[in-house]
Amino acid sequence: MAASIVCGRTSMFFRSLNGISCSKTLLSANSQTLLLQTASYNPKPLRLKLREPYIPDRSSEKTPDWQKTPRYDRKLFGRYGSASGIDPASLWPNHEQLERIIEEENQWHPPLEVMLKNLQEEERQDTEKRQAKEKLIAANMAKMPKMIADWRKEKLQKKTKMNEEKTRRSKLLAEARESLGQTLDPRNHKFLEMVAELEKEEKKKQKVMKKKQKHEQAAVPPPPPPPVAAP
Amino acid sequence: MSFPKKPGKALDILKNLPRITLANLRPEPGSIKADKRLGRGQHGGNRSGRGHKGQRQRGNRPRLGFEGGHTPFYLSIPKYGYNEGHSLRPQYQPLSLKRLQYLIDLGRVDPSQPIDLTQLVNGRGVTIQPLKRDYGVQLVDEGADIFAAKINIEVQRASEGAIAAIERNGGVITTGFYDPISLGILIKPVPFFLRGQPIPKRMLPGQDMVPFYTDAENRGYLADPEKIQQARLALAQKYGYILPDISKDELYHMLAMRKDVRQIFFGLAPGWVVNMSEKKILKPTDEKLLKYYRS
């Protein structure tokens, strides 16, 4: 009873293999040799529903248009084969359709070599861009120490100039205080007049100094040329 | 993998049990849940679990997400392009090695023949929806430690660990590209044959996927076979196993079977018409057609 169950189960499994018969499996099960009790997977049977073929009458007007199209004809052939009465040569594209298909494929599906070339081209362009950028960065970085030094010098100069300004102004203030006996506000008009006078005197002194220098320079060069011109 | 060496005590017990009838059967406790019957009796009746008056009882509640009038949460968060172009992103259904081993053990997938997406779908191992931007199946290395089957498998993507696990057991793995039409034909071959169309050529991958399929690291079907062999050795060194020599295997012929770049099915070339009712294959004889289907 239980054995029949076993036989039934194993027979269901081995039916799909189309090999071993039921009795053999029973014997092997009883003799306890290496019987692999695998669970079986039984898919639902494929119901293709290929019974009486309905082939529409192409000549009559009552049949709907969609049953006269080549697409429907192909489906009829697929379901019923030669019993559908359709020329199998019509399943493949004719020459014009084939040409159109080939054109479309060449446009939209380039061959592998073309794609690889495009990829190489893209990669080359990317590397070029990247290298150009890196070169630019390297060049600019090489300039950096000099630029930093220049900037620092400039800063130092500004600082010293500021300090000089400060000392000058304090001196002037002190002089003004001595001369007038009061601490003046730098914005006061008397102080400004004094400053202007002092500047004028300084300018005159500088002009005199410059004139002296020019005379000295003019005195030095003339001697050499005349001795050459004589002979 | 987990079979008993010989039928044990369970079979002896089974032989002595009585016949199975409806009187001997009972559903698994917790599998059948009783229906909810409103309007019957003390507990199901009166207000039937709807509460007291108002929108709740009268079924007039506002839409999901409504928060009484102020800007709801789902509108107050600003948009960001997480889902932008999601319908243009190829998706690959994951298949773990654990599931693959399970399918092989149960006999749903035959390891003595090359394993293809068709075989996986026939064994209901994976479900592919080409219309939802699925481009195939990807092998994931969950269960790589328990995987022990020598197979020749073709998937669309595979992780490095999965490739290592398959090659460690003496198998062969290839990654191949199927364009959406070919994929639809691959997963449902019989409905395609009933359409009466000639088998189309498989198209090449797009330019962005060509580097993936020409790479030997991914075992691409467009890659150089020598580079693939080198990659196999390198991977064996990386993961620390000895690469078994396939050429000395008795199943070498099966393991070496690979599809042509334009082929969808093993044993069927593009351009052929397969007729299921008469079990015949029709091949074209016109030169131009032959030239097109062979290019």
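On a predicted model such as this, the values are computed, not experimentally measured, just so you know.

1. Some remarks on the overall build of chain B
- Each helix and strand in chain B was counted, giving 13 helices and seven strands.
- The C-alpha radius of gyration computed for chain B amounts to 27 Å, which surpasses the reference 19 Å derived for 295 residues by more than 25%, pointing to a less compact arrangement than a globule.
- Overall, chain B is about 80 × 65 × 55 Å in size when its C-alpha atoms are taken along their principal axes.
- The proportion of buried residues among the 295 residues of chain B is 39%.
- The long-range share in chain B, meaning contacts at least 24 apart out of those at least 6 apart in sequence, stands at 58%.
- With the model as given, the accessible surface of chain B reaches about 18,700 Å², and the carbon-plus-sulfur share is 53%.
- Computed over 46 positive and 28 negative side-chain charges, the separation of the two mean positions in chain B equals 13 Å.

2. Examining helix α3 (residues 70-80) of chain A
- Along α3(A), the residues that are buried comprise Y72(A), D73(A), L76(A), F77(A), G78(A) and Y80(A).
- Looking at the residues trailing α3(A), positive phi occurs at G81(A), about 70 degrees.

3. Here's the deal with the pairing of strand β2 (residues 134-140) of chain B
Residues and elements named next belong to chain B.
- When strand β1 (residues 91-96) meets β2, the two strands line up parallel, connected through six bridges. Looking at the pairing, L95 lines up with L139 of β2.
- Strand direction decides the pairing type here: β2 and strand β4 (residues 157-158), joined by two bridges, are parallel. Counted as the bridge partner of L139 is A158 from β4.

4. Notes on the packing of aromatic side chains
Residue and element names in this part refer to chain B.
- The final tally for this structure, using the stated rule, is nine aromatic pairs over all chains.
- Their ring planes at 85 degrees and their centres at 5.0 Å tell us that F212 and Y213 sit as a pair that is edge-to-face. Residue F212 shares its accessibility class with Y213, and that shared class is buried.
- Geometrically, the ring pair formed by Y213 and Y221 is edge-to-face, given 5.7 Å between the ring centres and 85 degrees between the ring planes. For the pair shown, Y213 and Y221 are each scored as buried.
- By the ring-pair criterion, three or more aromatic residues cluster together here, those being Y135, F177, F212, Y213 and Y221.
- Over the face of the ring belonging to Y178 we find R202, whose NZ or CZ atom lies 4.3 Å from the ring centre.
- Cation over ring: K259 sits above F266, and NZ or CZ is 5.4 Å from the ring centre.

5. Topic: the sheet that holds β2(B)
All names here are of chain B.
- Read from one edge of the open sheet, three strands run β1-β2-β4, paired in parallel fashion. A strand with exactly one partner marks an edge of an open sheet, and here the two such strands are β1 and β4.
- On the sheet, helix α5 (residues 97-105) packs against β1 and β2 and is oriented at approximately 60 degrees with respect to β1.

6. Remarks on the pattern of salt bridges
- Evaluated as defined, the whole model comprises 13 salt bridges over all chains.
- For R232(B), the salt bridge goes to E167(B), with nearest N and O atoms at 3.5 Å. In this pair, R232(B) is assigned in helix α11 (residues 225-239) and E167(B) in helix α7 (residues 160-168), connecting sequence segments 65 residues apart. For the pair shown, R232(B) and E167(B) are each scored as buried.
- By sharing partners, the salt bridges in this structure join E121(A), R124(A) and E128(A) into a single network.

7. Digging into the confidence of the model for chain A
Residues and elements named next belong to chain A.
- When the pLDDT values of chain A are averaged, the result is 80; 76% of them are 70 or greater.
- When pLDDT is averaged over each element of chain A, helix α4 (residues 95-108) comes out on top at 96 and helix α2 (residues 22-31) at the bottom at 42.
- Of the regions scoring below 50 in pLDDT, residues 1-33 engages in 29 contacts with residues more than four places distant in sequence or in other chains.

8. Regarding unusual backbone geometry
Residues and elements named next belong to chain B.
- If you check the backbone angles, N46 has positive phi at about 60 degrees while not being a glycine.
- Of note, N46 is situated in the loop between α2 (41-44) and α3 (54-58).
- A residue is classified by how much of its surface remains accessible, and N46, at 76% relative accessible area, is exposed.
- Of note in the backbone geometry, K279 takes a positive phi value of approximately 55 degrees without being a glycine.
- When its relative accessible area of 74% is taken as the criterion, K279 is described as exposed.

9. Section: helix α6 (residues 189-219) of chain A
Residue and element names in this part refer to chain A.
- Taking 1.5 Å per residue, 31 residues should reach 45 Å; α6 reaches 45 Å between its end C-alpha atoms and fits that length.
- Buried within α6 are the following residues: F191, M194 and V195.
- In this structure, the buried side of α6 is in contact with α5 (112-180).

10. Brief notes about the interface of chain B and chain A
- With 47 residues of chain B at the contact, the number on the chain A side is 45 residues.
- Note on chain B versus chain A: buried area summed over both sides is about 3,700 Å², and carbon and sulfur give 67% of it.
- In terms of surface lost to chain A, no three residues of chain B exceed L194(B), Q207(B) and Y292(B), which account for 16% of the buried area on that side.
- Viewed at the interface, chain A and chain B are joined by one salt bridge.
- Two residues, E105(A) and K201(B), come together in a salt bridge whose shortest N-O distance is 3.1 Å.
- Going through the elements one at a time, α1 (9-16), α9 (189-193), α10 (210-213), β6 (273-275) and α13 (287-294) of chain B are the ones with two or more residues in the side of chain B that touches chain A.

11. Concerning the nonpolar core
All names here are of chain B.
- Counting residues in hydrophobic clusters, the biggest one holds 44 residues, and the most contacted among them are L97, L100, L117, L120, L139, I151 and I153.
- Leave out the neighbours within four places in its chain, and I153 touches L100, I115, L139, I166, V172, I173 and T174.
- Among the nonpolar cores identified, the runner-up in size contains 11 residues, and M209, F212, Y213 and L222 belong to it.

12. Some points on the UniProt feature "domain: Large ribosomal subunit protein uL15/eL18" (unreviewed entry) in chain B
- Cross-referencing UniProt, the feature "domain: Large ribosomal subunit protein uL15/eL18" (unreviewed entry) maps to residues 94-174 of chain B in the present numbering.
- Across residues 94-174 of chain B one finds 30% helix and 23% strand; the C-alpha atoms that close the span lie 16 Å apart.

13. Observations concerning the packing of α5(A) against α6(A)
Residue and element names in this part refer to chain A.
- Relative orientation of the contacting elements α5 and α6 amounts to 110 degrees, with a least axis distance of 10 Å. What the angle tells us is that α5 and α6 run roughly perpendicular. When the axes of α5 and α6 are compared, the crossing they make is right-handed. Across from R168, L172, L173, E175, A176, S179 and L180 in α5, the residues of α6 making contact are K190, F191, M194, V195, L198 and E199.

The rules behind these values
Residues numbered from 1 in each chain as written. Chains lettered and ligands numbered in written order. Predicted model: local features only at pLDDT ≥ 70, side-chain atom pairs only at ≥ 80, totals over all residues. Heavy atoms only, no water. Helix = DSSP H or I, 4+ residues; strand = E, 2+ residues; numbered from the N terminus. Rg over C-alpha atoms; globule rule 2.2 N^0.38 Å. Buried < 20%, exposed > 50% of the residue type's maximum accessible area, 1.4 Å probe, protein only. Contact = heavy atoms within 4.5 Å. Areas by Shrake-Rupley, 256 points an atom, 1.4 Å probe, with all protein chains shown as cover. Lys, Arg positive; Asp, Glu negative; His and termini not counted. Charge placed at Lys NZ, Arg CZ, Asp CG, Glu CD. Pairing = 2+ DSSP bridges. Phe/Tyr/Trp six-rings, centres within 6.5 Å; stacked < 30°, edge-to-face > 60°. Lys NZ or Arg CZ within 6 Å of the ring centre and 35° of its normal. Axes fitted to C-alpha atoms, helices over the stretch in contact; angles between N-to-C directions. Salt bridge = Lys/Arg side-chain N within 4 Å of Asp/Glu carboxyl O. pLDDT = per-residue confidence, 0-100. Expected span 1.5 Å × (residues − 1). Buried area = accessible area lost by both parts, 1.4 Å probe. Core = buried A, V, L, I, M, F, W, Y, C linked by side-chain atoms within 4.5 Å. UniProt positions renumbered as here; feature names shortened; annotations may be inferred. Parallel < 35°, antiparallel > 145°, perpendicular 65-115°, else oblique. Left-handed = near helix turned anticlockwise from the far one by under 90°.

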